[in-house]
Amino acid sequence: MKKPITMLDRSVWSEGDDFWQGEFEGRTFGTNASVMFYTVNEVGKGTGLHKHPYDEIFIMRQGNALFTIGDQEIRASAGQVLFGPANIPHKYVNLGPGPLETLDIHVSDVFIQENLD
């Protein structure tokens, strides 16, 4: 029987050592949650409008963002948590000042995304 992975080093999931950007799929751990670390340094930039066939949880690590989830616009800041229901289009942009950092939990063992922009 193969021993399950219980820890991932940053070098496995991260795109850089000086900022939080990267991802891993839950299937790595044999679980139904995938994680994306997302950083936006430029004010006014962010994700394009998209949706997933599963729920998503957004954890605001740093900064300020404007989320669009369905027909709602929500301003969020560090420490707040937002919920994006399955199949509902969503996006977010950095409102500044400074960088925006989120930790996005996808309730799926793999990432599935339909871009709408």
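Residues numbered from 1 in each chain as written. Predicted model: local features only at pLDDT ≥ 70, side-chain atom pairs only at ≥ 80, totals over all residues. Heavy atoms only, no water.

**A word on the packing of aromatic side chains**
Here's step 1: Within this structure, the stated rule accounts for nine aromatic pairs.
Here's step 2: Summarising the aromatic geometry, the rings of phenylalanine 24 and phenylalanine 29 are spaced 5.6 Å apart at their centres and angled 75 degrees between planes, so their arrangement reads as edge-to-face.
Here's step 3: Note on phenylalanine 24: relative accessible area 18%, which makes it buried.
Here's step 4: A residue is classified by how much of its surface remains accessible, and phenylalanine 29, at 27% relative accessible area, is partly exposed.
Here's step 5: Three or more aromatic residues link up through ring pairs in this structure, and these residues are Trp13, Trp20, Phe24, Phe29 and Phe37.
Here's step 6: Positioned over the ring face of tryptophan 20 is arginine 10, at 5.0 Å from the centre of the ring. (Phe/Tyr/Trp six-rings, centres within 6.5 Å; stacked < 30°, edge-to-face > 60°. Buried < 20%, exposed > 50% of the residue type's maximum accessible area, 1.4 Å probe, protein only. Lys NZ or Arg CZ within 6 Å of the ring centre and 35° of its normal.)

**What to know about the sheet that holds strand β9 (residues 100-106)**
Here's step 1: Ordered in space as β1-β2-β9-β4-β7, the five strands form an open sheet in which the pairing is antiparallel. Either end of the sheet is taken by a strand with one partner, and the two such strands are β1 (22-24) and β7 (81-84). Between one strand axis and the next, the sheet turns through 20 degrees on average, direction left out of account.
Here's step 2: Here β1 pairs with strand β2 (residues 34-40) via three bridges, running antiparallel. Along β2, the bridge assignment pairs glycine 22 with phenylalanine 37. (Pairing = 2+ DSSP bridges. Helix = DSSP H or I, 4+ residues; strand = E, 2+ residues; numbered from the N terminus. Axes fitted to C-alpha atoms, helices over the stretch in contact; angles between N-to-C directions.)

**Examining the pairing of strand β6 (residues 72-77)**
Here's step 1: Both strand β5 (residues 64-69) and β6 contribute to a ladder of six bridges, which runs antiparallel. Across the sheet, the residue bridging to isoleucine 69 is glutamine 72, located in β6.
Here's step 2: Here β5 hands over to β6 after two residues, with glycine 70 in that stretch at a positive phi of 65 degrees.

**Points about the side chain of threonine 47**
Here's step 1: As for its placement among the helices and strands, threonine 47 is situated in the loop between β2 and β3 (50-51).
Here's step 2: With sequence-adjacent residues up to four places away left out, threonine 47 is seen in contact with Tyr38, Lys91 and Tyr92. (Contact = heavy atoms within 4.5 Å.)

**Regarding the side chain of serine 108**
Here's step 1: One can find serine 108 in the loop between β9 and β10 (114-115).
Here's step 2: For serine 108, the residues in contact, after removing those within four places along its chain, are Gly26, Asn32, Ala33, Ser34 and Tyr54.

**Quick word on unusual backbone geometry**
Here's step 1: Proline 97 follows glycine 96 through a cis peptide bond whose omega is -10 degrees.
Here's step 2: You can see proline 97 is positioned in the loop between β8 (90-94) and β9.
Here's step 3: Phi at asparagine 87 takes a positive value of approximately 65 degrees, unusual for a residue other than glycine.
Here's step 4: You can see asparagine 87 is positioned in the loop between β7 and β8.
Here's step 5: Exposure remark for asparagine 87: the relative accessible area of 46% places this residue in the partly exposed category.

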